[in-house]
Amino acid sequence: MVFNQDLEFPTNQVIAKYHDVTNFTVQTGIFSDNLRLEDQDETRQAHAKNINDLLKSFHLATNNSGKKDLVERTNLILPWFAHDALVHLMSPHGLEQSSGAAWGTRDVSQGPTELFLATEHYDEVRKIITNVYSHQFVENGNWPQWFMFDQYSGIYADESHGDVIIWPMKVVADYLAVTNDVTILQERLPYMSHETQNMTNKDEKLIDHLVKQINYIENSFLYDTAVSAYGDGDRDDTLQPADASQKQEMASTWTEELTIEVFRKMAHVLEKGSELQERCAALADRMYEDFKKYFMQADTLPGFIKMNSNHEVQPIIYPGDQKTGINYRLLPLSQGVLSQVLTGPEVRNALQIIKENLLYADGVRLMDRPAQYHGGVSKIFKRAEQSANFGREIGLLYVHAHIRYAEAIAANGDKNEAWRLLDLVNPINLTDRVPNADIRQANVYFSSSDADFDTRYEAQEQYNQLAKQSVNVKGGWRLYSSGPGIFIGALLQSIMTLRESGKNNTLPFDSDVYITMD
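Only a predicted model underlies this, so the values are computations on that prediction, with no experimental measurement involved.

## With respect to helix α17 (residues 483-495)
Part 1 of the reasoning: The sharpest bend along α17 reaches about 30° and sits at Gly-489.
Part 2 of the reasoning: Burial analysis of α17 places twelve of its 13 residues in the buried class, which makes it a mostly covered element.
Part 3 of the reasoning: All of the buried residues in α17 are Gly-483, Pro-484, Gly-485, Ile-486, Phe-487, Ile-488, Gly-489, Ala-490, Leu-491, Leu-492, Gln-493 and Ile-495.
Part 4 of the reasoning: The inward-facing, buried residues of α17 abut α2 (68-90), α4 (111-118), α14 (399-411), α15 (415-423) and α18 (498-501).
Part 5 of the reasoning: With its phi angle positive at about 45°, Thr-497 sits one or two positions after the end of α17.

Listed below in structure tokens is the structure:
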């Protein structure tokens, strides 16, 4: 790359002049920066070393010829997914989503956090915690859906989905569980003011931030129950209610399960008998009792419930739902297993429902059929009924949710099947495992697997053809997602359980596969 000042119109941006795909010249009018000639090979080698260090030189090996392809694909894709995860953390853009560059509160609490926890880079997790809690609103204890940094720190979302409030606490709980670093609770952090759009001069201990967070959660309960209001949505943001009044009448089964899980874990990792520990334990118990009362009124968990002031409950998305036409929703079923709010026969029933109704050749889908499309007019849900594109969550195979399903399978004891499920979203030689998969880029994370329907109308009329593999599936948006970090965390920790079973050893569930890791 050559830098010079020979520009007709000086600019403060770097300009690339391509001569061919292997050789190009960069010219810039930035005179104040110290720009130097970079050696391409040295830069690549340094990047490869950085990725290898991040993954702690993780490597799989086997002498079993029937397992070599799986092992080799896994070894090959992990560095690429680690690269994608770092892009998501440090410069949140995607190849199809080139704008943005903000931290999603929910997103950074998952992908980067779970990557660093699985690879034991705990200092980085601590930095994520302090950064995220410094953007907590001082006025009410909630967070924006996303926020920006540096000179753009006053730019953030005006709202957030109902589950966003619990994610930062989950990071704290997971961090404390593996480090026991209780000193972080005394770390003094500022807030973000929604009114002034600036950081406050006032700072408080992280433990005080947590109290403020819990206050918000309790203040958002429906009526006098321990059921969290749906608010502006949950993980599948295509299912925001079309009628704004339902935000304070609906509740997400998935959000309720996640919140119970986090409060239980906080009660476990905090000092026993402390005020905050006892409060978390009591809230977990209250929420679980109300979960059984309001959400578990049938054998199949509903996607949502709607509650009136008399505590009368109407399920939404359940077997036989005449209003939505949708019978099953993945997220409550898989999260019920992961959060351990389902036990014994309930777990087996949930996983069987998923297998029979939601699992396809290319992975697991969010619902058993898409939301009805009426030319973009919303009747029940917003984006699910507005978008003309049958992709990402609207196309129903959102890879992020597929990985969580694999974790649920692992939690139920079938680690081999969980690894097979992860391999379905590894793009390397994918057509060997998914015959109806279109050829796609093999070294990047895809956020979805989209059925190749031409229109929304065609998708809802011919959706049953997808199960027969008579419709091709193509890769969705690339790179920008918390998914790559979640994938690595799921593989290393949920499936291979490296923290518990150790490194430089055979897999605890497969003696044919050997792990080495620093």
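## So, the sheet that holds strand β16 (residues 510-516)
Part 1 of the reasoning: Taking strand neighbours across the sheet as the criterion, the three strands line up as β3-β16-β15 in an open arrangement whose pairing is antiparallel. Of all the strands in the sheet, just β3 (59-62) and β15 (505-507) have a single pairing partner and so form its edges. Shown here is a sheet whose adjacent strand axes are inclined to one another by a mean of 45°, direction ignored.
Part 2 of the reasoning: Sitting on the sheet, α2 touches β3 and β16, and the angle it makes with β3 is about 165°.

## Considerations on the confidence of the model for the chain
Any segment with low pLDDT has predicted coordinates that should not be analysed in fine detail.
Part 1 of the reasoning: The pLDDT averaged across the chain works out to 89; a share of 92% of its residues lies at or above 70.
Part 2 of the reasoning: Predicted confidence for residues 10-19 stays below pLDDT 50, and this span has 25 contacts to residues more than four positions away or in other chains.

## Details of the layout of surface pockets
Part 1 of the reasoning: For the largest pocket, the calculated volume is near 1000 Å³.
Part 2 of the reasoning: Along its surface, the largest pocket is lined by 36 residues, and Lys-170, Glu-261, Lys-265, Glu-407 and Ser-494 are the ones closest to its centre.
Part 3 of the reasoning: Elements with a contribution of two residues or more to the lining of the largest pocket: α4, α6 (167-179), α8 (253-269), α10 (330-338), α14, α17 and α18.
Part 4 of the reasoning: At six residues, the largest contribution of residues to the lining of the largest pocket is made by α14.

## Considering the pairing of strand β7 (residues 199-205)
Part 1 of the reasoning: Inspection of the sheet shows strand β6 (residues 188-192) paired to β7 by four bridges, in the antiparallel sense. When the sheet's bridge partners are listed, Pro-190 is paired in β7 with Asp-203.
Part 2 of the reasoning: Counting the residues between successive antiparallel strands, the hairpin from β6 to β7 contains six residues, one of them, Gln-197, with a positive phi of roughly 60°.

## Considerations on the packing of aromatic side chains
What describes a pair of aromatic rings is the distance from one ring centre to the other and the angle between the planes of the rings.
Part 1 of the reasoning: One pass over the structure, following the stated rule, counts 14 aromatic pairs.
Part 2 of the reasoning: When the centroid spacing of 5.6 Å and the interplanar angle of 70° are considered together, the rings of Phe-147 and Phe-149 count as edge-to-face.
Part 3 of the reasoning: Aromatic ring contacts, followed pair by pair, group Phe-81, Tyr-445 and Phe-487 into a single cluster.
Part 4 of the reasoning: Over the aromatic face of Tyr-288 sits the side chain of Arg-264, whose NZ or CZ is 4.8 Å from the ring centroid.

## Observations regarding empty space enclosed by the protein
Part 1 of the reasoning: Per the stated rule, a full pass over the model turns up five cavities of 30 Å³ or more.
Part 2 of the reasoning: Its boundaries defined by the atoms lining it, the largest cavity holds a volume of some 100 Å³.
Part 3 of the reasoning: Considering the residues around the largest cavity, the lining is formed by 14 residues, among which Leu-424, Val-425, Leu-430, Arg-440 and Ser-449 are closest to the centre.
Part 4 of the reasoning: Taken together, the residues that form the lining of the largest cavity break down as nine nonpolar, three polar and two charged.
Part 5 of the reasoning: Surrounding the second largest cavity, Gln-246, Met-250, Lys-306, Gln-314, Ile-316, Lys-323, Lys-379, Ile-380 and Phe-381 form its lining.
Part 6 of the reasoning: Broken down by class, the residue content of the lining of the second largest cavity amounts to four nonpolar, two polar and three charged.

## So, helix α9 (residues 275-294)
Each α-helix winds once per 3.6 residues, and so residues spaced three or four apart point in a common direction.
Part 1 of the reasoning: An ideal rise of 1.5 Å per residue puts 28 Å on 20 residues; α9 measures up with 28 Å between its terminal C-alpha atoms.
Part 2 of the reasoning: Packed against the buried residues of α9 are α7 (206-219), α8, β9 (304-307) and β10 (313-316).

## Some details on the sheet that holds β9
Part 1 of the reasoning: The three strands are arranged β8-β9-β10 in an open sheet whose pairing can be described as antiparallel. The open sheet has two free edges, formed respectively by β8 (250-252) and β10, since each of these has just one partner strand. In this sheet, neighbouring strand axes are inclined to one another by 25° on average, regardless of whether the strands run parallel or antiparallel.
Part 2 of the reasoning: Of the strand pairs in this sheet, β9 and β10 are connected by four bridges, and their pairing is antiparallel. Bridge pairing in β10 places Phe-304 opposite Ile-316.

Cut-offs and rules
Residues numbered from 1 in each chain as written. Predicted model: local features only at pLDDT ≥ 70, side-chain atom pairs only at ≥ 80, totals over all residues. Heavy atoms only, no water. Bend = angle between axes of the 7 residues up to and from the residue. Helix = DSSP H or I, 4+ residues; strand = E, 2+ residues; numbered from the N terminus. Buried < 20%, exposed > 50% of the residue type's maximum accessible area, 1.4 Å probe, protein only. Contact = heavy atoms within 4.5 Å. Pairing = 2+ DSSP bridges. Axes fitted to C-alpha atoms, helices over the stretch in contact; angles between N-to-C directions. pLDDT = per-residue confidence, 0-100. 1 Å grid on protein atoms, 1.4 Å probe; cavity = no way out; pocket = protein on both sides within 12 Å on 5 of 7 lines; lining within 4 Å. Points joined across faces, edges and corners; volume = space filled by probe spheres on them. Phe/Tyr/Trp six-rings, centres within 6.5 Å; stacked < 30°, edge-to-face > 60°. Lys NZ or Arg CZ within 6 Å of the ring centre and 35° of its normal. Nonpolar A, V, L, I, M, F, W, Y, C, P; charged D, E, K, R; others polar. Expected span 1.5 Å × (residues − 1).

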